[in-house]
Amino acid sequence: MAKHETPLLDQLESGPWPSFVSDLKQEIESRAKNEKGVEFQIPQDVCEDLLGILELSYKHGRTHWKHGGIVGVFGYGGGVIGRYCDQPEMFPGVAHFHTMRVSQPAGKFYTTKYLKDICDLWEMRGSGLTNMHGSTGDIIFLGTTTPQLEEIFWELGHNLHQDLGGSGSNLRTPSDCVGQARCEWACYDTQAICHDLTVEYQDELHRPAFPYKFKFKFDGCPNCCVASIARADLSFIGTWRDDIRIDQEAVAAYMGGELPPNGGAHAGRDWGPFDIQKEVIDLCPTKCMWLEGGKLKIENRECTRCMHCINVMPRALRIGNDRGCSIFAGAKAPILDGAQMGSLIVPFIKVEEPYDEIKEKVIEPIWDWWMEEGKNRERLGELMKRQGFQKLLEVTGFKPDPRMVQEPRHNPYIFWKEDEVEGGFKRDINEFRKFHQR
Amino acid sequence: MEYEEAKQKIVDGLTKKQKVKSKFYFNDLAKILEEKPRVAKKLINQMVQEGVLEYWSSGSTSMYGLKGTGKQAHAEHED
Ligand code: HEM
Ligand code: SF4
Ligand code: SF4
């Protein structure tokens, strides 16, 4: 019989979706049986107490978790999120239930053996419950006790060759799309730069000295599979400067119905014959495509690289050859101020090892500005709003560019500075008085 | 700034405010040191290494305190 009665949680299992309650029960059973003879280092019935305290929260309509803590591994200010429950007598198994963020490999590639190894470690030294992956991108280990933290960190570092991820007022674990490993739309090697910056900025990842969190995310193309534009303080989005490559024979094959649009993704239903005018040309947001004598034409100067036409006809249309990325600053979730998308700060930059230009001209000047001027718990996007985009241009030294304008008349106040005006602000008073009386 | 001098400043500064609060933002410490963030960070890191300061984290925000001080440490039997 279950350790705690959980009628409210049990009811959740009756819905049509996979249920975390069922998953927890599965882990409860597996820990109780312990067929592998694991020497559990935290209470064997931790998952039962987890269900128990959640049931109590449902009953009370309030949480029984406290906020924050001093726990960590020595010398690291992030990676461990201390969690204590406020009913430790009733639920001793979850008196401590700390979360560990473990850095995921770039592109999230694993061998089966590696996955088994991290699960074995966590079975023994934690609750066995993981979140693969958190919305941060990390491997999330859910629930362990304070004495286990250093042990797990040692195992991770020495045997599994993985580091803790970022939490708190730190650089967060950089994350990327699968990129060139599997995707022909990747305009740069997202995994290479993600890994390089993770290693380069170890100090920023582990020792908090920022006003608040800071995220890098890398998308190989504007499809934005890791949604960098919506949630990274600096988003790196692949793009190209030259023309979309067109294979007119393949265009004709799509029009003739020999090739299924969208790689066959919409094959589950009969949508009628493919209509290139309706489904591609009319949907181009910049209206820069047309048919001419059965051939598809693109005015590339107008194209904003929205990816729509390429997504629909991947065999016919390909990304250009002169590739790099655009960099956007200041995206964030709505926690303090409103939600914000990234603002374009670098229209195009080549993404080439050792990435010196990106580090020295973009990342580091922005950090210096934000570390000095940012208020406590102020994200980069909020500082940009408070001091203005003009200030961001000033600290990075990038020239204003029409592509940075999101919409006209958003902010009509652009003030000249004296050194930008020919002759400065001084005037010849005698010359002035020739035209104006006192 | 010399490390020992910085340490003294931080210990004095935080001890003085101890009655009101026990956890401080990085910026508060940089202000006490009257140093730019990057210089302050080196000194503060060393204080953590030596066990003068310790980290506190809510998960989203990090703070610093003199080791073993504050309500949280006491309430959770970690002092
Ligand atoms: C090239 C000519 C002009 C320029 C550059 C100019 C510029 C400005 C500026 C910068 C403001 C302040 C806007 C703000 O901060 O809200 C302003 C406000 C104003 N201007 Fe002009 N102005 C010009 C001509 C005139 C003329 C000829 C008149 C009237 C005969 C006038 C009447 C006003 C009034 C009534 C306000 C509003 C004051 C207020 O609402 O507080 N302006 N103007
Ligand atoms: S963001 Fe673009 S390049 Fe990266 S996986 Fe998605 S579609 Fe491919
Ligand atoms: S990528 Fe988007 S904007 Fe560019 S041609 Fe295709 S549909 Fe139009």
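Predicted model only: the values in this text are computed from it and were never measured. The residue count restarts for each chain, going from 1 along the sequence in the order it is written. For this description, chains carry letters from A and ligands carry numbers from 1, given in the order in which they are written. Side-chain atom pairs in this predicted model are given and counted only at pLDDT of 80 or more, local residue features only at pLDDT of at least 70, and totals for whole chains, interfaces and linings cover all residues. Remark: hydrogens and water are excluded; side-chain values derive from all non-hydrogen atoms of the structure.

Looking at the overall build of chain A
How we decide: Put simply, DSSP marks the helices as runs of H or I at least four residues long and the strands as runs of E at least two long, and each gets a number from the N terminus on. Buried means the residue's accessible area, taken with a 1.4 Å probe over protein chains only, is under 20% of the maximum for its type, while exposed means over 50%, and partly exposed covers the values in between. By definition in these notes, contact holds between two residues if any of their heavy atoms fall within 4.5 Å.
When you go through chain A residue by residue, the secondary structure sums to 15 helices and 13 strands. Along the longest, intermediate and shortest principal axes, the C-alpha atoms of chain A span 95 × 70 × 45 Å. Split into buried and exposed, the 438 residues of chain A put 47% on the buried side. By sequence separation, contacts in chain A at least 24 residues apart represent 64% of the contacts at least 6 residues apart.

A short note on the overall build of chain B
Inclusion rule: Exposure was quantified through the Shrake-Rupley algorithm and a 1.4 Å probe, taking into account, for residues, occlusion by the shown protein chains and nothing else.
Tallying secondary structure elements over chain B gives 4 helices and 2 strands in all. Reading the helices (α) and strands (β) of chain B from amino to carboxyl end gives α-α-α-β-β-α. Relative to its 79 residues, chain B shows a buried fraction of 52%. Considering only contacts within chain B whose residues lie at least 6 apart along the sequence, 48% involve residues at least 24 apart. Counting only carbon and sulfur atoms, one obtains 54% of the accessible surface of chain B, whose full area is about 4200 Å².

What about the sheet that holds strand β3 (residues 129–132) of chain A?
All names here are of chain A. Operational definition: Any two strands with at least two DSSP bridges between them are considered paired.
In space, the 4 strands of this open sheet follow the order β1-β2-β4-β3, with antiparallel pairing throughout. Among the strands making up the open sheet, the edge pair consists of β1 (80–81) and β3. Summarising the sheet, β1 and strand β2 (residues 99–102) pair through 2 bridges and their orientation is antiparallel. Bridging across to β2, Val80 finds its partner in Met100.

Brief notes about the interface of chain A and chain B
Rules: Think of a salt bridge as a Lys or Arg side-chain nitrogen and an Asp or Glu carboxyl oxygen that are within 4 Å of each other. Counted as a polar contact is a pair of N or O atoms within 3.5 Å, where, for protein atoms, one must be capable of donating a hydrogen and the other of accepting one, and residues adjacent in sequence contribute only when both atoms are in side chains.
Contact with chain A, which involves 35 residues of that partner, is made by 26 residues of chain B. Put simply, chain A and chain B have 4 salt bridges between them. For B:Lys41, the salt bridge identified is with A:Asp203, shortest N-O distance 3.0 Å. Connecting chain A to chain B are 12 residue pairs in polar contact (both at pLDDT 80 or more). For the side of chain A that touches chain B, the secondary-structure elements that each account for two or more residues are α7 (202–206) and α12 (356–373) of chain A.

Some thoughts on the pattern of salt bridges
Inspection of every chain in the model, using the stated rule, returns 28 salt bridges over all chains. B:Lys9 serves as the salt-bridge partner of B:Glu34, at 3.4 Å between the closest nitrogen and oxygen. In this pair, B:Glu34 is assigned in the loop between α2 (26–33) and α3 (37–49) and B:Lys9 in helix α1 (residues 3–17), connecting sequence segments 25 residues apart. Where salt bridges share partners, they join A:Lys391, A:Glu394, A:Lys417 and A:Glu420 into one cluster.

Thoughts on the state of the cysteines
Stated precisely, the cut-off is as follows: When two cysteine sulfur atoms are found within 2.5 Å, that pair is recorded as a disulfide.
According to the stated counting rule, one finds 0 disulfides over all chains in the structure shown. For A:Cys224, which is in no disulfide, the shortest distance to another cysteine sulfur is to A:Cys221 and amounts to 7.7 Å.

With respect to the site of ligand 3
Note the cut-off: The rule for a residue being near a molecule or strand is that one of its heavy atoms must lie within 4 Å of it. Note that Gly is not counted as nonpolar here; it falls among the polar residues with everything else outside the nonpolar set of Ala, Val, Leu, Ile, Met, Phe, Trp, Tyr, Cys and Pro and the charged set of Asp, Glu, Lys and Arg.
Around ligand 3 sit A:Cys284, A:Pro285, A:Thr286, A:Cys288, A:Met289, A:Cys303, A:Thr304, A:Arg305, A:Cys306, A:Met307 and A:Cys309, and that is every residue in its neighbourhood. Across the shell around ligand 3, the residue classes break down as 8 nonpolar, 2 polar and 1 charged.

Side note on helix α14 (residues 389–396) of chain A
Note: α-helices contain 3.6 residues per turn, so residues at a spacing of three or four share the same orientation. Residue and element names in this part refer to chain A. As a reminder of what qualifies: Starting at the helix axis, one direction is taken to each C-beta atom, and the arc is that of these directions.
When we look at burial in α14, the residues that qualify are Leu392, Leu393 and Thr396. The buried residues of α14 all sit within an arc of 100 degrees when viewed along its axis, so they share a single face. Turning to α14, the residues buried within the fold contact β12 (323–329), β13 (343–349), α12 and α13 (380–387). Backbone geometry just after α14 places Gly397 at a positive phi near 80 degrees.

Quick notes on the environment of A:Asn300
Structurally, A:Asn300 is set in the loop between β10 (295–298) and α11 (308–312). Filtering out sequence-adjacent residues up to four positions away, A:Asn300 remains in contact with A:Asp242, A:Asp243, A:Ile244 and A:Arg305.

Quick notes on the sheet that holds β12(A)
Residues and elements named next belong to chain A. What counts is decided by this rule: For every element, the axis is a line fit to its C-alpha atoms; helices are fit only across the contacting stretch, and the angle between N-to-C directions ranges from 0 to 180 degrees.
As summarised here, the arrangement of the 5 strands in space is β5-β6-β7-β12-β13, forming an open sheet in which the pairing is mixed. Lying at the two open borders of the sheet, with one neighbouring strand each, are β5 (175–176) and β13. Here β12 pairs with β13 via 4 bridges, running antiparallel. Among the inter-strand pairings, Cys325 is bridged to a residue of β13, identified as Ile349. The strands touched by helix α6 (residues 190–200) within the sheet are β5 and β6 (216–219), with β6 carrying the most contacts at an inclination of about 165 degrees.

Some details on the confidence of the model for chain B
All names here are of chain B. Heads up, the rule is: Confidence scores labelled pLDDT are given residue by residue by the predictor and lie between 0 and 100.
Summary statistics for chain B give a mean pLDDT of 86 and a share of 89% for residues scoring 70 or more. Here helix α4 (residues 71–75) is the element of chain B with the lowest mean pLDDT, 50, and α2 is the one with the highest, 94. Scored below 50 in pLDDT, residues 73–79 shows 12 contacts in the model against residues more than four places distant or in partner chains. Prediction confidence for the complex, expressed as pTM and ipTM, is 0.81 and 0.82 respectively.

Quick look at the packing of aromatic side chains
Applied cut-off: Between rings of Phe, Tyr and Trp, where Trp is taken as its six-membered ring, a pair exists when centres lie within 6.5 Å; planes separated by under 30 degrees are stacked, by over 60 edge-to-face, and by other angles tilted. The rule for a charge over a ring is simple: NZ of Lys or CZ of Arg within 6 Å of the ring centre, and within 35 degrees of the ring normal.
For the coordinates displayed, the defined rule picks out 19 aromatic pairs over all chains. Aromatic side chains A:Phe210 and A:Phe214 sit 6.1 Å apart centroid to centroid with 50 degrees between the ring planes, which places their arrangement in the tilted category. In this structure, A:Phe210 and A:Phe214 share a single accessibility class: buried. With a centroid separation of 5.3 Å and an interplanar angle of 55 degrees, the aromatic rings of B:Tyr55 and B:Tyr64 are classed as tilted. These aromatic residues form a ring-pair network of at least three members: A:Tyr201, A:Phe210, A:Phe214, A:Phe216, A:Phe218, A:Phe236, A:Trp367 and A:Trp370. Over the aromatic face of A:Trp271 sits the side chain of A:Arg269, whose NZ or CZ is 4.1 Å from the ring centroid. Geometry around A:Phe432 places A:Arg427 over its ring, the cationic atom sitting 4.2 Å from the centre.

Considerations on the environment of A:Gly61
Residue and element names in this part refer to chain A. With respect to the secondary-structure elements, Gly61 resides in the loop between α3 (46–60) and β1. Classification of Gly61 as exposed rests on a relative accessible area of 64%. For the pair Gly61 and Asp275, spaced 214 residues apart in sequence, the C-alpha to C-alpha distance is 53 Å.

Describing the pairing of β3(A)
A regular strand places its side chains so that they alternate between the two faces of the sheet. All names here are of chain A. For β3 and strand β4 (residues 139–142), the ladder comprises 4 bridges, and the chain directions are antiparallel. When the bridges of β4 are listed, Asn131 appears paired with Ile140. Linking two consecutive strands that pair antiparallel, namely β3 and β4, is a turn of 6 residues; a positive phi of about 105 degrees is found at Gly137 within it.

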